[in-house]
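Here is how the chains run, residue by residue.
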Amino acid sequence: MRIILLGAPGAGKGTVAKLLTAYDGSVQISTGDILRGAVKAGSELGKKAKGYMERGELVPDSLIMEIMEARLQEPDCAKGFILDGFPRTIPQAEDLEKLLAKLKLKLDLVANLEVPRDVILDRLTTRRTCSNQDCQEIYNIKSKPPSPDGKCLKCGSPAIQRADETVEAITVRLETYNQKTAPLIGFYGKVGILKNVSSLSSEQSVKEITGAIKK
Ligand code: ADP
Ligand code: ZN
């Protein structure tokens, strides 16, 4: 499948994307994960992206498009891809249309994960992420805690709170989402491939998405 997951920070895009990869072998492509990997590795890309990310702001479109143009042409994308965190702005969506046309690929679906704001805030402040770049398992101190000493249950690395998960950065991220990313719902609505999905449970979202693709 070739799909885009839209939704506010904390809507559960990462969790839903991981569940969907198990469905048909499509790869999850998370621009957030790619950028965090680059920051940790200290690469040129990472150096350029770091400040924006820590403030909760978007990284410039040109950098993101450079990443995605290369990523979508890697061999593992042949089975399909689940875009998680991209596109994030109207210019990114327009550039993606051009890129897909060039690669002769069509999207199956854009799933908009809908979650009430109070649920989002609660999720973001209680979220912990495995610090091992190759694992990145997501935890929640209330509903899915790491080990009692804060370690990842899969790989044993510390499960940490992301630098952009302070209340200040979260507020900026939600505002940025409303201003820059929410307009994509209208954009893909017009294209005619948008499906609104209630994202209170990730299993339910996955069912709704795979059901819509089968039709
Ligand atoms: P979130 O939980 O906020 O959706 P992500 O892991 O998707 O977090 O992204 C983390 C940060 O990486 C964003 O706040 C932003 O700075 C940057 N980022 C990720 N994807 C994009 C994108 N498509 N365009 C611009 N910036 C991005
Ligand atoms: Zn881990």
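None of the values given here were measured: they were computed from a predicted structure.

This brings us to the overall build of the protein chain. For the protein chain, the helix and strand inventory stands at nine helices and eight strands. The proportion of buried residues among the 215 residues of the protein chain is 45%. Contacts in the protein chain between residues far apart in sequence, at least 24 positions, make up 70% of those at least 6 positions apart. Taking the average place of the 32 positive charges on the side chains of the protein chain and the average place of its 27 negative ones, the gap between the two points comes to 2 Å.

Ordered in space as S6-S5-S7, the three strands form an open sheet in which the pairing is antiparallel. Because the sheet does not close on itself, it has two edges, and the strands there are strand S6 (138–140) and strand S7 (159–160). Sheet topology note: the strand S5 (residues 127–130)/S6 ladder contains three bridges and is antiparallel. Note that in S6 the partner of Thr129 across the bridge is Ile138. Relative to the sheet, helix H6 (residues 117–126) contacts S5 and S6, its axis offset from that of S5 by approximately 45°.

One open sheet accounts for five strands, arranged S2-S3-S1-S4-S8; its pairing is parallel. The sheet is open, and its two borders are formed by strand S2 (27–30) and strand S8 (194–198), each paired with just one other strand. Taking each pair of neighbouring strands and ignoring which way they run, the sheet shows an average axis angle of 25°. When S2 meets strand S3 (residues 81–84), the two strands line up parallel, connected through four bridges. Bridge pairing links Val27 to Phe81 in S3. Strands in contact with helix H2 (residues 31–41) are S2 and S3; relative to S2, the strand with the most contacts, it is inclined by about 65°.

A separate point is the site of ligand 1. Within the structure, ligand 1 sits among 19 residues, and Thr31, Arg36, Glu57, Gln92 and Arg173 are positioned closest to it. The separation between an oxygen atom of ligand 1 and a polar main-chain atom of Glu57 is 2.5 Å. Within the side chain of Arg162, an N or O atom sits 3.3 Å from an oxygen atom of ligand 1. Taking 550 Å² as the accessible area of ligand 1 by itself, protein coverage stands at 96%. When residues of the shell around ligand 1 are assigned to their parent elements, the largest contribution, four residues, is made by H2. By residue class, the composition of the shell around ligand 1 is seven nonpolar, four polar and eight charged.

So, how was this worked out
- Residues numbered from 1 in each chain as written.
- Chains lettered and ligands numbered in written order.
- Predicted model: local features only at pLDDT ≥ 70, side-chain atom pairs only at ≥ 80, totals over all residues.
- Heavy atoms only, no water.
- Helix = DSSP H or I, 4+ residues; strand = E, 2+ residues; numbered from the N terminus.
- Buried < 20%, exposed > 50% of the residue type's maximum accessible area, 1.4 Å probe, protein only.
- Contact = heavy atoms within 4.5 Å.
- Lys, Arg positive; Asp, Glu negative; His and termini not counted.
- Charge placed at Lys NZ, Arg CZ, Asp CG, Glu CD.
- Pairing = 2+ DSSP bridges.
- Axes fitted to C-alpha atoms, helices over the stretch in contact; angles between N-to-C directions.
- Near = heavy atom within 4 Å.
- Polar contact = N/O pair within 3.5 Å; in protein donor to acceptor, adjacent residues only side chain to side chain.
- Areas by Shrake-Rupley, 256 points an atom, 1.4 Å probe, with all protein chains shown as cover.
- Nonpolar A, V, L, I, M, F, W, Y, C, P; charged D, E, K, R; others polar.

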